[in-house]
Amino acid sequence: MARTSTIERNTNETKIKLDFNIDGTGKADIDSGVGFFDHMMHGFARHGLFDVNLKVKGDLEVDCHHTIEDTGIVLGNAIREAAGDKKGIKRYGSCILPMDEALVLCAVDLSGRPYLVFDANFTADRCGDMDTEMAREFFYAVSYAGAMNLHIKVLYGTNNHHIMEAMFKAFAKALDAATMYDERITDVLSTKGTL
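Residues numbered from 1 in each chain as written. Predicted model: local features only at pLDDT ≥ 70, side-chain atom pairs only at ≥ 80, totals over all residues. Heavy atoms only, no water.

**Details of the sheet that holds strand β7 (residues 115–119)**
On the basis of which strands lie adjacent, the open sheet formed by four strands has the order β5-β6-β10-β7 and mixed pairing. On the outer flanks of this sheet lie β5 (92–99) and β7, each paired with one strand and no other. Taken over all neighbouring pairs, the strand axes of this sheet differ in orientation by 10° on average, direction set aside. Inspection of the sheet shows strand β6 (residues 102–109) paired to strand β10 (residues 149–156) by seven bridges, in the antiparallel sense. Residue pairing for β10: V104 is matched across the bridge by V154. In the packing of helix α3 (residues 134–145) onto the sheet, the strands contacted are β7 and β10, and the crossing angle to β7 comes to about 160°. (Pairing = 2+ DSSP bridges. Helix = DSSP H or I, 4+ residues; strand = E, 2+ residues; numbered from the N terminus. Axes fitted to C-alpha atoms, helices over the stretch in contact; angles between N-to-C directions. Contact = heavy atoms within 4.5 Å.)

Encoded structure:
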């Protein structure tokens with residue numbers, strides 16, 4: 001059974017269409033209008049081995065906020081829909097990912113309960129054309145729309161580009177691990193019987 005989803009979200013601020021495949025090969029066709037964010041999403045797709053086709057038209061004449069936050073909402077919805085009933089998946093995933101001098105920890109629980117812990121500080125206001133404060137907003141939106149616990153902690157690092165890129169790649173690897181099947185799990189991995 002294919003674990004895919006297509007999500008469209010249209011508001012006065014953004015128009016977004018996302019095709020998402022959990023069981024992909026890392027193919028990505030991404031155009032958000034924010035070059036640095038596109039770079040981050042390409043890394044997410046490639047390192048999580050997700051297929052991602054993303055088109056965003058946002059109010060970039062204002063700033064990048066709505067474009068990135070709303071994409072997080074759409075990605076969270078896409079992950080939740082593609083994961084389906086979550087029967088047989090590992091549910092939890094984590095990764096400690098190095099990117100040159102930066103080291104970032106990410107842990108995911110596809111629990112059905114949204115929560116974000118984001119422990120990171122940037123020393124620059126922007127990476128390329130993306131405001132660094134949008135990293136937290138993006139992951140907050142993903143965690144709540146995707147109904148997942150998401151913890152991201154920068155253990156250390158000095159280069160803002162490396163720190164941000166390590167976040168997106170670590171999230172991809174943790175999510176890939178959480179969505180993998182384990183033949184020993186015949187239902188959902190919960191004493192409640194539901195996720």
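**What to know about a nonpolar patch on the surface**
Taken together, the side chains of Y115, V117, Y140 and Y144 present a nonpolar region at the surface, about 370 Å² in accessible area. Elements represented by at least two residues in the nonpolar patch include exactly β7 and α3. When you line up the elements, V117 lands in strand β7. (Patch = residues over 30% accessible without salt bridge, like charges linked within 9 Å, V, L, I, M, F, W, Y side chains within 5 Å. Areas by Shrake-Rupley, 256 points an atom, 1.4 Å probe, with all protein chains shown as cover. Salt bridge = Lys/Arg side-chain N within 4 Å of Asp/Glu carboxyl O.)

**Considerations on the pairing of β7**
Two faces belong to every sheet, and in a regular strand the side chains alternate between them. Burial along β7 is one-sided: the residues L116 and F118 are buried and none of Y115, V117 and D119 is. Here β7 runs beside β10; their pairing, made up of five bridges, is parallel. The residue of β10 that forms the bridge with Y115 is N149. (Buried < 20%, exposed > 50% of the residue type's maximum accessible area, 1.4 Å probe, protein only.)

**As for the sheet that holds strand β2 (residues 14–21)**
The strands that make up a sheet pair up through hydrogen bonds in the backbone, lying either parallel or antiparallel. Spatial ordering of the open sheet is given by β1-β2-β4-β3, a layout of four strands whose pairing is mixed. The open sheet has two edge strands with one neighbour each: β1 (4–10) and β3 (28–31). Strand-to-strand, the axes of this sheet are offset by a mean angle of 5°, without reference to chain direction. Pairing geometry for β2 and strand β4 (residues 51–58), over eight bridges, is antiparallel. From the neighbouring strand, K17 faces β4, where its bridge partner is K55. Running at roughly 160° to β3, helix α1 (residues 35–48) makes contact with β2, β3 and β4 of the sheet. Contacts from helix α2 (residues 65–83) reach β1, β2 and β4, with the element oriented near 35° to β2.

**Focus: unusual backbone geometry**
Even without glycine at this site, L49 takes up a positive phi of about 60°. The residue K86 is not glycine, and still its phi comes out positive at about 70°. Note that K86 resides in the loop between α2 and β5. A relative accessible area of 7% means that K86 is categorised as buried.

**A short note on the side chain of D176**
By secondary structure assignment, the location of D176 is in helix α4 (residues 160–178). As a buried residue without a salt bridge, D176 has its nearest oppositely charged side chain in K173, at a separation of 5.2 Å. Apart from residues lying up to four places away in sequence, D176 is in contact with G48 and F50. (Lys, Arg positive; Asp, Glu negative; His and termini not counted.)

Honestly, that's just the spatial picture; any functional story needs more than this.
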